[in-house]
Amino acid sequence: MKKALLMISIMALTTITVMAENIKIGVISSLSGPVAIYGQTTYNGVKLAVDKLNAAGGINGNKVELIVEDDKGDPAEAVTAAKRLISEKKVIAILGPTISSTCLAVAPIAQQNKVPMLTATGTNIKITDAGDYIARTCFIDPFQGAVMAKFGLENLKAKTAVIIKDVNSDYSEGLADEFVKVFEKNGGKILDTVAYATNDVDYSSQLTKVKSLNPDVIFVPGYYNEVSLLIKQARDLQIKSKFLGGDGWDNGKLFEIAGSAVLGSYISSHFSPESQDPLIQNFLADYRKSFKEEPSVLSALGYDAAGIMLESVKNAKALTGEDIKNNINATKGYKGVTGVITLDEKRNAIKSAFVLEAKDGGFKYYATIEPFTVDETSAPAGEADSKAKKDNKGTMILIVIVAVLAAGIFVAKKKK
């Protein structure tokens, strides 16, 4: 009898343990190293979303546990982290990594092991090529590059541009390639492309060459560490061109280092805290309360990626990689703080881009660029409409000429 009671007690205890088992989701983020500010703020957004969910009871009564790995912004470290999360920690999914190069390194591993990987901030177009277990909630590099080319042509009326890119960065290369493609396709002229390397601090040789070219705009698709020094040195050399960049600029330290030199520059971004949308305002209030600082765009992206992941886990029939992956890939119209997110057939986010202007106090909202394909940029806004009107006018004239000729032939025949 005692033995039977003991067995029942053990079974009951085992059941309770299983019921209370945490749902383990891995996070790979650059918490130290050269891009630590990006990794930390992205992780803060992820943590905020998970903390809110757990405070509300978790998923079916189970708490979500984040198993965090620091990849130091290094692809080799990211690979080690991914293998540890999958093989040792037995996570059901991975949020991250932070930057494109680490995402590209981890994606094949996640795909091979059928562990869903959802990056909030990896924008390189090739990331999701690894397979159907890989998705993202940010827009891709080509869209950012195309947005800024379109903005330079249409809003700034730029005719010429120079690219200054980081040759060690997949992110920088991706934005630069698409900027060139769209800028030239729409009548702009790329005067030159010059290069620097990650962690460079002296840009005098590149900038001397750029100054001699005197472009209307200079596109620098890099991260704030290098960009802040580069712009400051450019203004010291009396370069007057407008600077354009991507979301890699979007950090308060850019203004601390570059000072007034950065004012009047423009970047593409995923988020604007100036929006009065209650969802965004609640996010801002919660973030400030939790971390005693202002969120960055990456914080917002991390928050939305975690939101989609948590919703996908909650809706999964079973906590299997396949079920979670299928729910992530089916994301349509998810209302996040970075916009309404839909994943396309390549698991890339379709969403609007914000153009922000550098002003005293930080980046401020300037314009919204709606999603478009590169094919849709074959003529700048206004020019496309003008071309269509000319084509229609030409067609109408042709119709009139044909009608007149036909009428003349008919009259001539009637006279006969």
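Our subject is the structure that appears above.
Quick notes on the rules
- Residues numbered from 1 in each chain as written.
- Predicted model: local features only at pLDDT ≥ 70, side-chain atom pairs only at ≥ 80, totals over all residues.
- Heavy atoms only, no water.
- Pairing = 2+ DSSP bridges.
- Helix = DSSP H or I, 4+ residues; strand = E, 2+ residues; numbered from the N terminus.
- Axes fitted to C-alpha atoms, helices over the stretch in contact; angles between N-to-C directions.
- Contact = heavy atoms within 4.5 Å.
- Left-handed = near helix turned anticlockwise from the far one by under 90°.
- Nonpolar A, V, L, I, M, F, W, Y, C, P; charged D, E, K, R; others polar.
- Core = buried A, V, L, I, M, F, W, Y, C linked by side-chain atoms within 4.5 Å.
- Buried < 20%, exposed > 50% of the residue type's maximum accessible area, 1.4 Å probe, protein only.
- Parallel < 35°, antiparallel > 145°, perpendicular 65-115°, else oblique.

Let's talk about the sheet that holds strand β3 (residues 93-95)
Here we have 5 strands laid out as an open sheet, ordered β2-β1-β3-β4-β5, and parallel in their pairing. The open sheet has two edge strands with one neighbour each: β2 (64-70) and β5 (134-136). For this sheet, the mean angle separating the axes of adjacent strands, direction not counted, is 25 degrees. As paired elements, strand β4 (residues 117-119) and β5 share 3 bridges and run parallel to each other. In the strand pairing of β5, Met117 is matched with Ile134. Contacting β1 (23-29), β2 and β3, helix α3 (residues 75-88) runs over the sheet at an angle of about 175 degrees to β1.

Looking at the packing of α3 against helix α4 (residues 100-112)
At a minimum axis distance of 8 Å, the contact between α3 and α4 shows a crossing angle of 35 degrees. Crossing geometry of α3 relative to α4 is assigned as right-handed. Where α3 approaches α4, its residues Pro75, Ala78, Val79, Ala82, Lys83 and Ile86 are matched on the opposing element by Ser101, Thr102, Ala105, Val106, Ile109 and Ala110. A per-class count over the contact of α3 with α4 returns 9 nonpolar, 2 polar and 1 charged.

Observations concerning the nonpolar core
Soluble globular proteins tend to pack their nonpolar side chains together in the buried interior. Counting 101 residues, the largest nonpolar core has Ile25, Ile164, Phe179 and Trp249 as the members making the most contacts within it. Here this core gets 11 residues from one element, more than from any other, and that element is helix α11 (residues 297-315). Residue contacts for Ile25: discarding those within four places in its chain leaves Val64, Glu65, Leu66, Ile67, Val91, Ile92, Ala93, Leu95, Met309, Leu310 and Val313. In this structure, Ala82, Ala107, Ala110 and Ile127 belong to the second largest nonpolar core, which totals 19 residues.

Let's talk about the sheet that holds strand β15 (residues 362-369)
Spatial strand order, β7-β6-β8-β9-β10-β14-β15: 7 strands in an open sheet with mixed pairing. Edge positions in the open sheet fall to β7 (189-196) and β15, since each of these has one partner strand only. Strand-to-strand, the axes of this sheet are offset by a mean angle of 25 degrees, without reference to chain direction. Where strand β6 (residues 160-166) meets strand β8 (residues 217-219), 3 bridges bridge the pair, whose relative direction is parallel. Looking across to β8, one finds that Ile163 is bridged to Phe219. Where helix α5 (residues 141-154) meets the sheet, its contacts fall on β8, β9 (242-245), β10 (266-269), β14 (353-359) and β15, and the angle it forms with β10 comes to roughly 140 degrees.

Some remarks on the pairing of β2
Here β1 pairs with β2 via 7 bridges, running parallel. Along β2, the bridge assignment pairs Ile23 with Val64.

Some words on the packing of α5 against helix α6 (residues 170-185)
How two helices sit against one another is set out by the angle between their axes and by the gap between those axes. As a packed pair, α5 and α6 sit with axes 7 Å apart at the nearest point and diverge in direction by 45 degrees. By the angle between their axes, α5 is oblique relative to α6. The way α5 lies across α6 gives a crossing that is right-handed. Of the residues in α6, those in contact with Asp141, Pro142, Gln144, Gly145, Ala146, Met148, Ala149, Lys150 and Leu153 of α5 are Asp170, Tyr171, Gly174, Leu175, Glu178, Phe179, Val182 and Phe183. Class assignment for the residues of the contact of α5 with α6 results in 10 nonpolar, 3 polar and 4 charged.

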